[in-house]
Amino acid sequence: MSDNLHQITQLLGELTGGNRAVLDQLMPLVYDGLHDIAKRQLYKERSGHTLSSTALVHEAYLKMVDQNRITWQNRAHFFALASQAMRRILINYANHRKAQKRGGNQPIVTFHDDNVAKETRADELLAMDEALQRLARLNERQSKVVEYRFFGGLTQEEIAEVLGVSVQTVRLDWRLARAWLGKEMKSDESEG
Amino acid sequence: MDQARWKRIEEIFESLLDYPPQSRPKALKGMCGGDEELEKEILLLLKEDARENSMIDGMAIDYVDLPGVVGQGHVIDSFRVERKIGEGGMSNVYMAQELTGKKRKIALKLLRPGLNTQSILRRFQREHEILARLRHPNIARLIKVGVSEDDQPYIAMEYIEGEPLDTYCDKRSLTIEERIELFQVVCRAVQHAHINKVVHRDLKPANILVEADGTVKLLDFGISKLIDTADEHTKITKTGVHVMTPQYAAPEQVRSLEITVATDIYALGVILYELVAGNPPLALDGLGIFDVQRKICTEEPQLPSEALTRPDYLGESHEARIASQRGTNIAALRKMLQGAMDTICQRALAKSPEDRYKMVEYLMYDLKRYVIGLGMGTSW
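No experiment lies behind these values; they were computed from the predicted model shown.

A. Spotlight on the overall build of chain B. If you tally the helices and strands in chain B, you get 16 helices and 10 strands. The burial tally for chain B puts 38% of its 380 residues in the buried class. When contacts within chain B are restricted to residue pairs at least 6 apart in sequence, those whose partners lie at least 24 apart make up 60%.

This is the structure in structure tokens:
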């Protein structure tokens, strides 16, 4: 990871202005780094087995970025990237879980309230992800607020920092996005 | 909806927040200027705004279980992990090296994290005594069960290098007689376990390996029970969790009824059916959990001799391949299965445990007579 430390910090510095090519290089590094940390945490915390997005993203920040060479804006960029990476990781697992649960030849854990519930939970998460993509077409920033909070575990203040808006704006965006998503997920249910 | 309309909704929603909740609907009406659609839309949003929503207010990470990882070189008690060799619903299996004693290569099954260590230890202890009694040349030995210092429950078993029973038979184009001969070895091992009061509960070709020299080894005897009971105590509900493979699961398993020797006999029936007919008795692929359950409990499988020409699988080449993998042609294979083999499979796969063979021995006896019948060119 220390090789990446230099590279990630360097790339974050070059990111100013939202350079697409730099972003494409950074994303896989952040994804892998975060994934790695999540897996290690899971191993360490076998008995407790609680992971927090907030803790993961902050640990990633400390481990993956050279603190002496980072600016305030770069920190915000990193949090945004890490939230996006968390979203991908979790959606990948939800998809994997869904695929695993179909068909006759896969060992499954089954037929009981708990497990049916768990499968439904992965489905719910996928539905949420889709609704969020629809929201992005209406208002990109509102969808980002949800991404940073729901997937990345960022605080309101951090989100304001990342988006370069006031905390007040973040609160309002959140409130509207939350209501809209609630409504969307409900109509999904009644259709399905 | 387009962005312009959404912008309008946003503005109205924002101004409404200045009003006390009870006067919002009235204020809304004024702001919408007769646009009823708009009014309805925003009313729904206000309703959602006031409602608790445990999902959105929670965290995405709580909606999936990320699998833990154990890397190469990781030491668990006296075993050093070398590489992952399998993945299951409740556990992962690794090849590992014993660091003390005989320094054997072993298969190390690591249970899902988050289980209650103390209760597992007690249960493991009890089960271990029973399982250790299972000494049979065709059953992979259980070496140790325990919980490591960092709370990782594990099961260490003899490491077997071999091919799954079905692959082994197909690759070598074994004839029906040769397949049954191997299957009889499986039956004898299962019978031995049953006499020692151990039910396998998860018999399937992947748990039956054939070594290079043709020795059959059954894996994971009684392991699914260990895993089941280990998990039970961590659940809030009393139901517990059952590990099984639907393709080989008996109706009583998917309904969480009592598991007995008849459950293993059903699984043996599925394995036999596939060995001779090349298709599974029930087509479960692509089905959701409830359809799988319903089919297992209610749908009568086709007779193996008829299943050869099952319309949903087919294509003539599929049939022809099944026959040639058994060193024969379709017509001859169908004739071999008709009658006695159909009856044997039906009996083993009966929906109700009481209608199945009472003991593996009876199944073995019928198979023996079947093979003799084949030799005489008749089905008895």
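Having seen the model, we can carry on.
B. View of the overall build of chain A. Summing up its helical and strand segments, chain A has 8 helices and 1 strand in all. Mapped in sequence order, the helices and strands of chain A form the string α-α-α-α-β-α-α-α-α. Across chain A, contacts joining residues at least 24 apart in sequence account for 68% of those joining residues at least 6 apart.

C. Representation of the sheet that holds strand 8 (residues 208–210) of chain B within the structure. Residues and elements named next belong to chain B. The strand order across the open sheet formed by 3 strands is 7-8-9, and the pairing between neighbours is antiparallel. Two strands in the sheet have a free side with no partner beyond their single neighbour: strand 7 (163–164) and strand 9 (216–218). Alignment of strand 8 against strand 9, held across 3 bridges, turns out to be antiparallel. Paired with Leu209 across the two strands is Lys217, which belongs to strand 9. Most of the contacts of helix 7 (residues 176–195) go to strand 9, to which it runs at about 40 degrees, and overall it touches strand 8 and strand 9.

D. View of unusual backbone geometry. All names here are of chain B. Of note in this structure, Lys197 is not a glycine but carries a positive phi near 65 degrees. Mapped onto the fold, Lys197 is located in the loop between helix 7 and strand 8. A positive phi angle is found at Asp220, which is not glycine, with a value near 65 degrees. Relative to the helices and strands, Asp220 is located in the loop between strand 9 and helix 8 (223–232). Judged by local crowding, Asp220 falls into the buried class, with 26 C-beta atoms found within 10 Å.

E. A look at the nonpolar core. If you look at the biggest cluster of nonpolar residues, it comprises 79 residues, and the most contacted ones within it are Leu108, Ile265, Leu268, Leu272 and Ala348 of chain B. A per-element tally of this core places helix 10 (residues 261–277) of chain B first, with 13 residues. The residue makeup of this core includes at least three contributed by each of domain 2 (75–158) and domain 3 (163–375) of chain B. Leu26, Leu34 and Leu181 of chain A together with Tyr63 of chain B belong to the second-largest nonpolar core, a separate cluster that totals 55 residues.

F. How the structure looks around the pairing of strand 6 (residues 153–158) of chain B. Residues and elements named next belong to chain B. The buried count for strand 6 comes to 5 of 6 residues, which makes it a mostly enclosed element. By the bridge criterion, 5 bridges tie strand 4 (residues 105–111) to strand 6 in an arrangement that is antiparallel. Looking across to strand 6, one finds that Leu110 is bridged to Tyr154. Note that strand 5 (residues 142–147) and strand 6 share 5 bridges and pair antiparallel. Bridge pairing links Val147 to Pro153 in strand 6.

G. Molecular detail of the packing of helix 7 of chain B against helix 16 (residues 360–375) of chain B. Residue and element names in this part refer to chain B. Interhelical geometry of helix 7 versus helix 16 gives an angle of 165 degrees and a closest axis separation of 9 Å. Compared by their axis directions, helix 7 and helix 16 come out roughly antiparallel. Crossing handedness for the pair helix 7 and helix 16: left-handed. Judged by residue contacts, Glu177, Ile180, Gln184, Cys187, Val190, Gln191 and His194 of helix 7 engage Val360, Glu361, Leu363, Met364, Leu367, Val371 and Leu374 from helix 16. In the contact of helix 7 with helix 16, the residues fall into 9 nonpolar, 3 polar and 2 charged.

H. Representation of helix 3 (residues 53–64) of chain A in the model. Residues and elements named next belong to chain A. The terminal C-alpha atoms of helix 3 lie 16 Å apart, and with 12 residues this matches the ideal 16 Å at 1.5 Å per residue to within 8%. Within the sequence span of helix 3, burial applies to Ser53, Leu56, Val57, Ala60 and Met64. All buried residues of helix 3 project into a common sector of 95 degrees when viewed along the axis, lining one side.

I. Region of the structure containing the environment of Leu15 of chain A. Residues and elements named next belong to chain A. The topology assignment puts Leu15 in the loop between helix 1 (2–14) and helix 2 (20–44). Owing to 20 C-beta atoms within 10 Å, Leu15 belongs among the buried residues under this scheme. Leu15 sits 59 residues away from Asn74 along the chain, and the two C-alpha atoms are 7.9 Å apart. Once residues lying within four places of it in the same chain are set aside, the contact partners of Leu15 are Val22, Leu23, Leu26 and His77.

Calculation rules
- Residues numbered from 1 in each chain as written.
- Chains lettered and ligands numbered in written order.
- Predicted model: local features only at pLDDT ≥ 70, side-chain atom pairs only at ≥ 80, totals over all residues.
- Helix = DSSP H or I, 4+ residues; strand = E, 2+ residues; numbered from the N terminus.
- Buried ≥ 20, exposed ≤ 12 C-beta atoms within 10 Å, placed from the backbone.
- Contact = placed C-beta atoms within 7 Å.
- Pairing = 2+ DSSP bridges.
- Axes fitted to C-alpha atoms, helices over the stretch in contact; angles between N-to-C directions.
- Core = buried A, V, L, I, M, F, W, Y, C linked by C-beta atoms within 7 Å.
- Domains from an automatic or database assignment.
- Parallel < 35°, antiparallel > 145°, perpendicular 65-115°, else oblique.
- Left-handed = near helix turned anticlockwise from the far one by under 90°.
- Nonpolar A, V, L, I, M, F, W, Y, C, P; charged D, E, K, R; others polar.
- Expected span 1.5 Å × (residues − 1).
- Arc of directions from axis to C-beta.

Note that every value here comes from positions in space, so none of it alone points to a role or purpose.
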